[in-house]
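Here is what each chain is made of, one letter per residue.
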Amino acid sequence: MSDEDRTDGQSVLDLFDAYYHVPALVAVAAFMLWVRLQAYDTFVRDGQVVFSGNDAWYHLRQVNYTVRNWPGTMPFDPWTYFPYGTSAGQFGTLYDQLVATAALVVGLGAPSDQLIAKTLLVAPTVFGVIAIVPTFLIGRRIAGRGAALFGVAVLALLPGTFLQRTLVGFADHNGAEPFFMGMAVF
């Protein structure tokens, strides 16, 4: 090999062998994001954001409160167990706080109500896509990079509950659970 084929003492083949998993992971992540965001326009109509299911509206109240009182979360929700209300601490306040933080970052500290709703709308999708990180890390530790990439590909093509809970519009904490469980296992 000539000096042109080498970078810092490594050949192009050595660099490919060391880093081939990175573009593969990016491609799988892009595919997962594309699949999960297909129905985005169904949930955003004329500037209004609608959600699939009832729990999303609870999370929207939580996220709106958290954005306005960051880092505090809503301590009591009068609409849950109406007309009595209930303490909101037993529900996914970490999830709501993460979504609120993302909305604050995307909205440069002052997100509109529509931006907050859109952030919540896509949050399960993002969590579903980043679930490839613990999947890859666990697979690599157990069986190597090739098997880990295969596991990520299976996750990307997996039908059923994981896909359903990480589609755009299903704005509930179920999309974040596989990511956090996977990181805990890793």
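Structure: above.
All of these numbers come straight from a predicted model, not from anything done at the bench.

**Concerning the packing of aromatic side chains**
Then, number 1: This model, assessed by the stated rule, comprises nine aromatic pairs.
Then, number 2: Seen from their ring centres, Trp-79 and Phe-82 are 5.2 Å apart, and the 10 degrees between their planes marks the pair as stacked. Judged on exposure class, the residue Trp-79 and its partner Phe-82 are both exposed.
Then, number 3: Ring geometry for Tyr-81 versus Tyr-84: centroids 5.3 Å apart, planes at 40 degrees, classification tilted.
Then, number 4: A connected cluster of aromatic rings, assembled from ring pairs, spans Tyr-95, Phe-127, Phe-179 and Phe-180.

**Comments concerning the packing of helix α7 (residues 132–143) against helix α8 (residues 145–157)**
Then, number 1: Two numbers describe how α7 lies on α8: the axes approach to 7 Å, and their chain directions differ by 145 degrees. For the crossing formed where α7 meets α8, the hand is right-handed. Contacts between α7 and α8 involve Ile-132, Thr-135, Phe-136, Gly-139, Arg-140 and Ala-143 from the former and Arg-145, Ala-147, Ala-148, Leu-149, Gly-151, Val-152 and Leu-155 from the latter.
Then, number 2: When grouped by side-chain class, the residues that make up the contact of α7 with α8 number eight nonpolar, three polar and two charged.

Criteria and thresholds
Residues numbered from 1 in each chain as written. Predicted model: local features only at pLDDT ≥ 70, side-chain atom pairs only at ≥ 80, totals over all residues. Heavy atoms only, no water. Phe/Tyr/Trp six-rings, centres within 6.5 Å; stacked < 30°, edge-to-face > 60°. Buried < 20%, exposed > 50% of the residue type's maximum accessible area, 1.4 Å probe, protein only. Axes fitted to C-alpha atoms, helices over the stretch in contact; angles between N-to-C directions. Helix = DSSP H or I, 4+ residues; strand = E, 2+ residues; numbered from the N terminus. Left-handed = near helix turned anticlockwise from the far one by under 90°. Contact = heavy atoms within 4.5 Å. Nonpolar A, V, L, I, M, F, W, Y, C, P; charged D, E, K, R; others polar.

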